Amino acid sequence: MSRKVLVIGSGGREHALVRQLAASPRQPQLFAAPGNPGTAEFAANMDLDPADADAVTAFCRQEGIDLVVVGPEDPLIAGLADHLRREDIAVFGPGAMGARLEGDKEFAKEVLVAAGVATAHFHAFSSTDAALKHLDKMDLPVVVKAVGAAQGKGVAVCSNRDEAEAHIRLCLDDQQFGQSGLRILLEDCLFGPELSVLIVTDGQDYCLLAPSRDHKRIGEQDTGPNTGGMGAFAPVELPADLHQEIDTRIVLPVLAELRRRDIPYRGVLYAGLMLTDQGPSVLEFNCRFGDPETQVVLPLLKNDLLDLCTATAEGALGAYLQGLRRTAEGAPAGWPGADLTDWKRSAVVVVGAADGYPGHYTKGKTVELPTAGEDDRWVIHAGTARKDEVLVTSGGRVLGAVGTGGDLEAARGAAYGLLDGTHFEGLTFRRDIAAAGKEDKGEKA
Ligand SMILES: Nc1ncnc2c1ncn2[C@@H]1O[C@H](COP(=O)(O)OP(=O)(O)O)[C@@H](O)[C@H]1O
Ligand SMILES: [Mg+2]
């Protein structure tokens, strides 16, 4: 009997998830809530609000859904996974306790410190006066973070005192981020390339997907304001001993600390790392797949994503991983679950954004996509909609051009080739995604 799977969310990450699940030999019947025109190619889009846990649960019972994969952080932080599990529905995604690692940066620091894992030195404040007083004692640059979820806008890396004071006041006085910014962290600034590590865990066992890197700034050469991500590539080539170091100094102690605190976790724990001269340091956790990292990590999977998600959701990841064939040619040593990834291939995603993003931009522009035909490249929908059968822009990050190949350069060529055939008024994209390849020094702080 074919399995019924519901993917929650409506962005590029969810299109990538649905696309990969659709490739499963088990031929699952797919639903997306609410989905987008990209997910609609593989799944039935359901008009359901991910914030409405009762409605999602009722739909799952009525339809007999076997597995729910939750894409975005907001429903996870709000406890959607707990709600579904109480009804005995298998969920890929942590409950509210685990999702707090993303939803509360002060809590994440507490876990990191207890686990003895490297992270930037910090202090937490609720009062502007106390924060400003402490600021005077800190070296510049300094990092100011709203502790709660703020759609990627709560963090400012400040090169001078005025900028830092302005962001402190934005959070605490102007309450620009609502509840999320009523408490802040003042953090030491770290330097080095960044790395995204996706840990798939059922709370007992775990595996690591291909290391990836996103490009956060809007402008080429990593200039201008931060965005949700303008592109990404995988795998990132790392010095050989770093794989083992990430596993033993970060992943293992963090998962052990979660178990020690009786925090169940079934889903992806995304560790955002900075590779400093002193070793890898954790910048933040996310409680879900990264966007756009997912778009490049999933195509490198050699194994069925549906089986991986099902085993994780059912707490049977250990048995699943033991059953994998050991064929990981070129796989790095010390990277648990390396067998899952095809290390002989690379993937690149270049985001096509609307002119003006991440500031003000217009929606409703007609989108023309390249004609399909080649299987090493495809378009992922992120901010598109159908209006009277016409595909139009409906967000700042409109789409992602994904290319794959035998090396990074081939994957890059495929991704950029797709953009040649993509048109909408105001289309902008960075031309330097994955350009530096091995020599990539990552994002500047
Ligand atoms: N301690 C730090 N030192 C240097 N840069 C940092 C530091 N913390 C965060 N950053 C930069 O800010 C970005 C956003 O911070 P992050 O903690 O990931 O918050 P969020 O993704 O929730 O906005 C990071 O990707 C990194 O580029
Ligand atoms: Mg981040």
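Thresholds, definitions, all that
Each chain carries its own residue numbering, running from 1 in the direction its sequence is written. Here the convention is simple: chains get letters from A, ligands get numbers from 1, in the order in which they are written. Given that this is a predicted model, residues contribute local features only at a pLDDT of at least 70 and side-chain atom pairs are listed and counted only at 80 or more, while totals for whole chains, interfaces and linings are drawn from all residues. Secondary structure counts use DSSP, requiring at least four H or I residues in a row for a helix and at least two E residues in a row for a strand, with both numbered from the N terminus. Every radius of gyration here is taken over C-alpha atoms, with the globule rule written as 2.2 Å times N^0.38, N being the number of residues. Any residue with 12 or fewer other C-beta atoms within 10 Å of its own C-beta is exposed, any with 20 or more is buried, and the rest are partly exposed; the C-beta atoms used are placed from the backbone. Whether two residues are in contact depends on their C-beta atoms, placed from the backbone: they are in contact if these lie within 7 Å. We call two strands paired when DSSP finds no fewer than two bridges between them. Whenever a helix is involved, its axis is fitted only over the stretch in contact; in every case the axis is a line through C-alpha atoms, and angles between N-to-C directions fall within 0 to 180 degrees. Each angle is binned into one of four classes, with values under 35 degrees roughly parallel, values over 145 roughly antiparallel, values of 65 to 115 roughly perpendicular, and all other values oblique. Note on residue classes: Ala, Val, Leu, Ile, Met, Phe, Trp, Tyr, Cys and Pro are nonpolar, Asp, Glu, Lys and Arg are charged, and everything else, Gly too, is polar. When the strands point away from the viewer and the path from the first strand over the helix to the second turns clockwise, the crossover is right-handed. Whether a crossing is left-handed or right-handed is set by the direction in which the near helix is turned from the far one by less than a right angle, anticlockwise for left-handed and clockwise for right-handed. Defined on buried residues, the nonpolar core groups Ala, Val, Leu, Ile, Met, Phe, Trp, Tyr and Cys residues joined through C-beta atoms within 7 Å. By definition, pLDDT measures how confident the predictor is in each residue, and it falls between 0 and 100. The domain limits used here are those given by an automatic or database domain assignment.

Considering the overall build of the chain
- A count of helical and extended segments in the chain gives 13 helices and 23 strands.
- Taken against the 2.2 N^0.38 rule, which gives 22 Å for 445 residues, the C-alpha radius of gyration of the chain at 21 Å falls within 12% of a compact globule.
- For the C-alpha atoms alone, the extent of the chain along its principal axes is close to 60 × 50 × 45 Å.
- Counting across all 445 residues of the chain, residues that qualify as buried make up 49%.
- A separation of at least 24 residues holds for 68% of the contacts in the chain among residues at least 6 apart in sequence.

Points about the sheet that holds strand S10 (residues 194-201)
- Read across the open sheet, the four strands follow the order S11-S10-S16-S17; overall the sheet is antiparallel. The sheet is open, and its two borders are formed by strand S11 (206-208) and strand S17 (279-286), each paired with just one other strand. With strand direction ignored, the average angle separating the axes of adjacent strands in the sheet is 30°.
- Relative to S17, strand S16 (residues 267-276) runs antiparallel, the two being bridged by seven bridges. Across the sheet, residue Tyr-270 finds its bridge partner in S17, namely Asn-286.
- Helix H9 (residues 240-260) contacts S10, S11, S16 and S17 of the sheet and is inclined by roughly 40° relative to S17.

Looking at the packing of helix H6 (residues 105-115) against H9
- Two elements in contact, H6 and H9, have axes separated by 9 Å at closest approach and are oriented at 110°. Here H6 lies roughly perpendicular to H9, going by the angle between them. Within the contact between the two elements, H6 uses Val-111, Ala-114 and Ala-115 and H9 uses Pro-253, Val-254, Ala-256 and Glu-257.
- Looking at the contact of H6 with H9, its residues break down into six nonpolar, no polar and one charged.

Things to note about the pairing of strand S2 (residues 29-34)
- As defined by bridge partners, strand S1 (residues 4-9) adjoins S2 across six bridges and the pair is classed as parallel. From the neighbouring strand, Gly-9 faces S2, where its bridge partner is Pro-34.
- Note on the crossover from S1 through helix H1 (residues 12-22) to S2: the handedness is right-handed.
- Relative to strand S3 (residues 44-45), S2 is paired through two bridges, and the arrangement is parallel. Bridge pairing in S3 places Ala-32 opposite Asn-45.

Here we look at unusual backbone geometry
- For the peptide bond that leads from Ala-33 to Pro-34, omega is -5°, which places it in the cis range.
- The omega torsion of the bond from Ala-234 to Pro-235 falls at -10°, within 30 degrees of zero and hence cis.
- For Pro-235, the position within the fold is in the loop between strand S15 (231-234) and H9.
- The phi angle at Gln-221 is positive, at roughly 60°, despite the residue not being glycine.
- Within the secondary structure, Gln-221 is located in the loop between strand S13 (217-219) and strand S14 (223-226).
- One non-glycine residue, Asp-388, lies in positive phi territory at about 50°.
- As for its position among the elements, Asp-388 is in the loop between strand S20 (384-387) and strand S21 (390-393).

Details of the pairing of strand S22 (residues 397-405)
- Within S22, eight of the nine residues are buried, leaving the element largely enclosed by the surrounding structure.
- Where strand S18 (residues 346-354) lies against S22, eight bridges are found, and the strand directions are antiparallel. Its bridge partner being in S22, Val-350 is matched across the sheet by Ala-401.
- Summarising the sheet, strand S19 (residues 377-381) and S22 pair through five bridges and their orientation is antiparallel.

With respect to H1
- Of all 11 residues that make up H1, 10 are buried, and the element is covered over most of its length.
- Of the residues making up H1, those classed as buried are Gly-12, Arg-13, Glu-14, His-15, Ala-16, Leu-17, Val-18, Arg-19, Gln-20 and Leu-21.

Let's talk about the packing of helix H7 (residues 128-135) against helix H8 (residues 161-172)
- The interhelical angle for the contact between H7 and H8, taken along N-to-C directions, is 160°, at an axis separation of 10 Å. On the basis of their axis angle, the class for H7 and H8 is roughly antiparallel. In the crossing of H7 with H8, the sense of the turn from one axis to the other is right-handed. On H8, the residues that touch Thr-128, Ala-131, Leu-132 and Leu-135 of H7 are Arg-161, Ala-164, Glu-165, Ile-168, Arg-169 and Leu-172.

A look at the nonpolar core
- Core analysis: the largest hydrophobic core is formed by 115 residues, its most contacted members being Val-7, Val-68, Leu-198, Ile-199 and Val-348.
- Dropping the residues within four chain positions of it, Leu-198 is found in contact with Leu-208, Leu-209, Val-268, Tyr-270, Phe-289, Gly-290, Glu-293 and Val-297.

A word on the confidence of the model for the chain
- For the chain, per-residue confidence averages 95 on the pLDDT scale, and residues scoring 70 or more make up 97% of the total.
- Confidence over residues 438-445 falls short of pLDDT 50; this stretch has 20 contacts with residues more than four positions distant or in other chains.

Quick word on helix H5 (residues 96-103)
- For H5, the buried fraction is high: six of the eight residues fall into the buried class.
- Looking at H5, one finds that the buried residues are Gly-98, Ala-99, Arg-100, Leu-101, Glu-102 and Gly-103.
- Where the residues of H5 are buried, they touch helix H3 (73-77), H6, S16 and S17.

Side note on the domain arrangement of the chain
- One can read the domain layout of the chain as domain 1 (4-96), domain 2 (127-182), domain 3 (194-340) and domain 4 (346-439).
- Once you take the C-alpha centre of each, domain 1 and domain 2 turn out to be 35 Å apart.

Some points on the sheet that holds S1
- With respect to topology, five strands assemble into an open sheet ordered S3-S2-S1-S4-S5, the strand pairing being parallel. Unpaired on one side and paired on the other, S3 and strand S5 (90-92) mark the two borders of the sheet.

A word on the environment of Ala-436
- For Ala-436, the location among the structural elements is in the segment after strand S23 (427-428).
- For Ala-436, a count of 13 C-beta atoms within 10 Å gives the class partly exposed.

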